[in-house]
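Structure assessment
The primary structure of each chain is shown beneath.
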Amino acid sequence: MEVSVVLVLQARGLGDLLAAVPALRALRRAEPRSKIVLAAPHRLEQIVDLISSVDELVPTADPAALIWDGPAPELAVNLHGADGASARALADTGADRIIGHRSPALAKLAGPRWDPEAHVVDRWCQLLESAGIAADRRNLGLVPPVASLSRRDCVVVHIGAGAPARRWPPERFAAVVRHLLVLGRDVVLTGDPFERDIAVQVAAQAGLPDDRVLAGRQNLTDLAATVAEASLVISGDTGVAHLATAFGTRTVLLFGPTPPRRGGPPAHLLGRHAVLWAGQVGDPEGRSPDPGLLRIGVPEVVSAVDAQLNKQDWADSTRSRYRRVG
């Protein structure tokens, strides 16, 4: 008996994939007997495995490069965008049915209009709901992967971002790290391989040993495990922030130039997240730090860090005090 196929396109980065988790799980519930195939970048495979709703990954870093040589999917779902390339890529698979936002490239597609102000989690859930598929926006959690090296209770300072516009200056990160070291906290610096030089610069300015610079030395599974075990994550608007949300790790998040209402932690989870935002919208793909992001100073971040660490310390002491014996 031939198994029907549901093809899902989400050929973006880590944060976009994690924001689509509730939608992917909704599709799994709606299509329990179907084979769910996700077209996404190959580098995200280790995180895809944690979602437990995808049967196969088709490596796809760009919708226009999607190669589909299997039988026509029974259903194709566009969790990538409303752009012409993604709409055409799914149409070219010969799918019997397509769920996606309206696109000039696919006139027959009768989906909802794209709302640029929608929160990214809501956007994908609403898309499925428009097609009669119920989705739970709260279903964002992931089970942490097994760590190759435990870094429990460290503070993760993620210096990276997908574009320079979203990257807080290195000297400011260094000032925050110095504050954490004065507090006696175990600090590690994370980032992508191409950001290792920035991380080394931050470490040198802060007096942090080189072995605490993990940027460029971890695969995605190790990074996820580090975030899951951390007592706190300090990050800009990037995929690591979404990882912390998925694992329930406390955060201090620096938003700009994109407002957190579009991609920050959902409202029901804000109790664990300190979100800093100067209220100035700009170009998220800009080549220099956004002026709105630069309005967030070191004192504001240090204050938020202290408040989050105090909450974590109180929670840890309470668990220890009431731990069952025997």
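For the structure given in this document, a descriptive report is provided here.

Calculation rules
Residues numbered from 1 in each chain as written. Predicted model: local features only at pLDDT ≥ 70, side-chain atom pairs only at ≥ 80, totals over all residues. Heavy atoms only, no water. Phe/Tyr/Trp six-rings, centres within 6.5 Å; stacked < 30°, edge-to-face > 60°. Helix = DSSP H or I, 4+ residues; strand = E, 2+ residues; numbered from the N terminus. Buried < 20%, exposed > 50% of the residue type's maximum accessible area, 1.4 Å probe, protein only. Lys NZ or Arg CZ within 6 Å of the ring centre and 35° of its normal. Contact = heavy atoms within 4.5 Å. Pairing = 2+ DSSP bridges. Axes fitted to C-alpha atoms, helices over the stretch in contact; angles between N-to-C directions. 1 Å grid on protein atoms, 1.4 Å probe; cavity = no way out; pocket = protein on both sides within 12 Å on 5 of 7 lines; lining within 4 Å. Points joined across faces, edges and corners; volume = space filled by probe spheres on them. Nonpolar A, V, L, I, M, F, W, Y, C, P; charged D, E, K, R; others polar. Core = buried A, V, L, I, M, F, W, Y, C linked by side-chain atoms within 4.5 Å.

A full pass over the atoms with the stated rule returns two aromatic pairs. For the ring pair Trp-114 and Trp-124, a centre distance of 5.9 Å and an interplane angle of 65 degrees mean the geometry is edge-to-face. Remark: Trp-124 occurs in helix H5 (residues 120-130) and Trp-114 occurs in the loop between strand S5 (98-99) and H5; sequence separation between them is 10 residues. Relative to Phe-173, the ring of Trp-168 lies with its centre 5.2 Å away and its plane at 85 degrees, an arrangement referred to as edge-to-face. Residue Trp-168 shares its accessibility class with Phe-173, and that shared class is buried. The ring of Trp-114 carries the charged tip of Arg-123 above its face, separated from the ring centre by 4.0 Å.

All right, on to the side chain of His-242 then. As for its placement among the helices and strands, His-242 is situated in helix H9 (residues 239-247). Ignoring anything within four residues of it in the chain, the contact list for His-242 reads Gly-15, Leu-18 and Gly-263.

Within helix H2 (residues 21-30), eight of the 10 residues are buried, which leaves the element mostly enclosed by the surrounding structure. Contact partners of the buried residues in H2: strand S1 (5-9), helix H1 (14-19), strand S2 (35-40), helix H3 (45-51), strand S4 (75-78) and H5.

Each strand in a sheet pairs with another by means of backbone hydrogen bonds, the pair being arranged parallel or else antiparallel. Judged by pairing direction, the sheet is parallel, and its five strands sit side by side in the order S7-S6-S8-S9-S10 without closing on themselves. Because the sheet does not close on itself, it has two edges, and the strands there are strand S7 (187-190) and strand S10 (273-277). Adjacent strand axes in the sheet meet at a mean angle of 15 degrees, parallel and antiparallel pairs treated alike. Relative to the sheet, helix H6 (residues 170-182) contacts strand S6 (155-158), S7 and strand S8 (232-236), its axis offset from that of S6 by approximately 170 degrees.

So, on to empty space enclosed by the protein. This structure, assessed with the given rule, holds one cavity of 30 Å³ or more. Taken as a whole, the largest cavity encloses approximately 140 Å³ of empty space. Forming the walls of the largest cavity are 18 residues, and the residues nearest its centre are His-242, Thr-245, Gly-263, Gly-264 and Pro-266. Among the elements of the structure, H1, H9 and strand S9 (251-255) are those that each provide at least two residues to the lining of the largest cavity. No other element matches the four residues that H9 contributes to the lining of the largest cavity. Along the lines of polarity and charge, the residues of the lining of the largest cavity split into 10 nonpolar, seven polar and one charged.

Moving on to the nonpolar core. Membership of the largest hydrophobic core comes to 52 residues, with the highest contact counts inside it found for Val-8, Leu-38, Ile-47, Val-77, Leu-79 and Leu-243. Tallying contributions element by element places H5 first for this core, with six residues. Those residues in contact with Val-8, other than ones at most four positions away along the chain, are Leu-24, Leu-27, Ile-36, Val-37, Leu-38, Ala-39, Val-77 and Leu-79. Judged by nonpolar contacts, the second largest core, of 31 residues, contains Leu-208, Ala-215, Val-301 and Leu-309.

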